[in-house]
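This is what each chain is made of:
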Amino acid sequence: QVQLVESGGGLVQAGGSLRLSCAASGRTFSIYAMAWFRQAPGKEREFVASINWSGGSTSYADSVKGRFTISRDNAKNTLVLQMNSLKPEDTAVYSCAGRPAGSVNYRYWGQGTQVTVSS
């Protein structure tokens, strides 16, 4: 199993920045890719960004392209989401997720961290 713990959420004004981290532990060698998802009140969970754990290739939702950057530190088993130029519509609970090799689904999930952007 893999355990994921997020940190770094909080309250920020529009236009500001936040940096989210996700610490992975356990069978981290089984992780093929990791991602950030978010869920706003009354809305479905949506994909934000993903990264291949070994090669570093990334993918972003259109709504965050050019503002958010996903990265990983393999040595520290840490996933990072740098969020710049934040907007009120970015307000949500952000969760990190891990996908094992051979799986099309993200099977490992953190508990989530709240990000609130005030206008």
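The present account deals with the structure reproduced in this document. Computed from a predicted structure; not experimentally measured.

So, how was this worked out
- Residues numbered from 1 in each chain as written.
- Predicted model: local features only at pLDDT ≥ 70, side-chain atom pairs only at ≥ 80, totals over all residues.
- Heavy atoms only, no water.
- Helix = DSSP H or I, 4+ residues; strand = E, 2+ residues; numbered from the N terminus.
- Rg over C-alpha atoms; globule rule 2.2 N^0.38 Å.
- Polar contact = N/O pair within 3.5 Å; in protein donor to acceptor, adjacent residues only side chain to side chain.
- Contact = heavy atoms within 4.5 Å.
- Buried < 20%, exposed > 50% of the residue type's maximum accessible area, 1.4 Å probe, protein only.
- Pairing = 2+ DSSP bridges.
- Axes fitted to C-alpha atoms, helices over the stretch in contact; angles between N-to-C directions.

1. Observations concerning the overall build of the protein
Then step 1. For the protein, the count of helices and strands is 0 helices and 11 strands.
Then step 2. Scanning the protein from its N terminus toward the C terminus, one meets helices and strands in the order β-β-β-β-β-β-β-β-β-β-β.
Then step 3. Radius of gyration (C-alpha) of the protein: 14 Å, near the 14 Å computed for a compact globule of 119 residues.
Then step 4. Seen through its principal axes, the protein has C-alpha atoms that stretch 40 × 25 × 25 Å.

2. Here's the deal with the side chain of N52
Then step 1. Mapped onto the elements, N52 comes out in strand 5 (residues 46-52).
Then step 2. In this structure the side chain of N52 is engaged in a polar contact, spanning 3.4 Å, whose partner is the side chain of Y32.
Then step 3. Apart from residues no more than four positions distant in its own chain, N52 is found in contact with Y32, A33, S57 and R72.

3. With respect to the environment of R19
Then step 1. Its place among the elements puts R19 in strand 3 (residues 18-26).
Then step 2. Taking the C-alpha atoms as reference points, R19 and G110, separated by 91 residues in sequence, lie 16 Å from one another.
Then step 3. Sequence-distant contacts of R19, defined by excluding residues within four places in its chain, comprise S7, G8, V80, L81 and Q82.

4. Some words on unusual backbone geometry
Then step 1. Non-glycine residue N77 carries a positive phi angle of around 50°.
Then step 2. Of note, N77 is situated in the loop between strand 7 (68-73) and strand 8 (78-83).
Then step 3. Judged by relative accessible area, which is 22%, N77 ranks as partly exposed.

5. With respect to the sheet that holds strand 3
Then step 1. Here we have 4 strands laid out as an open sheet, ordered 1-3-8-7, and antiparallel in their pairing. The strands lining the two open edges of the sheet, one partner per strand, are strand 1 (2-7) and strand 7. If you compare each strand with its neighbour and ignore which way they point, the axes differ by 15° on average.
Then step 2. In terms of strand pairing, strand 7 meets strand 8 through 6 bridges, oriented antiparallel. Looking across to strand 8, one finds that S71 is bridged to V80.

6. Considerations on the environment of N105
Then step 1. With respect to the helices and strands, N105 occurs in the loop between strand 9 (92-100) and strand 10 (108-109).
Then step 2. Between the alpha carbons of N105 and K65 there is a distance of 23 Å; along the sequence they are 40 residues apart.
Then step 3. Aside from chain neighbours lying at most four places away, what touches N105 is R99 and P100.

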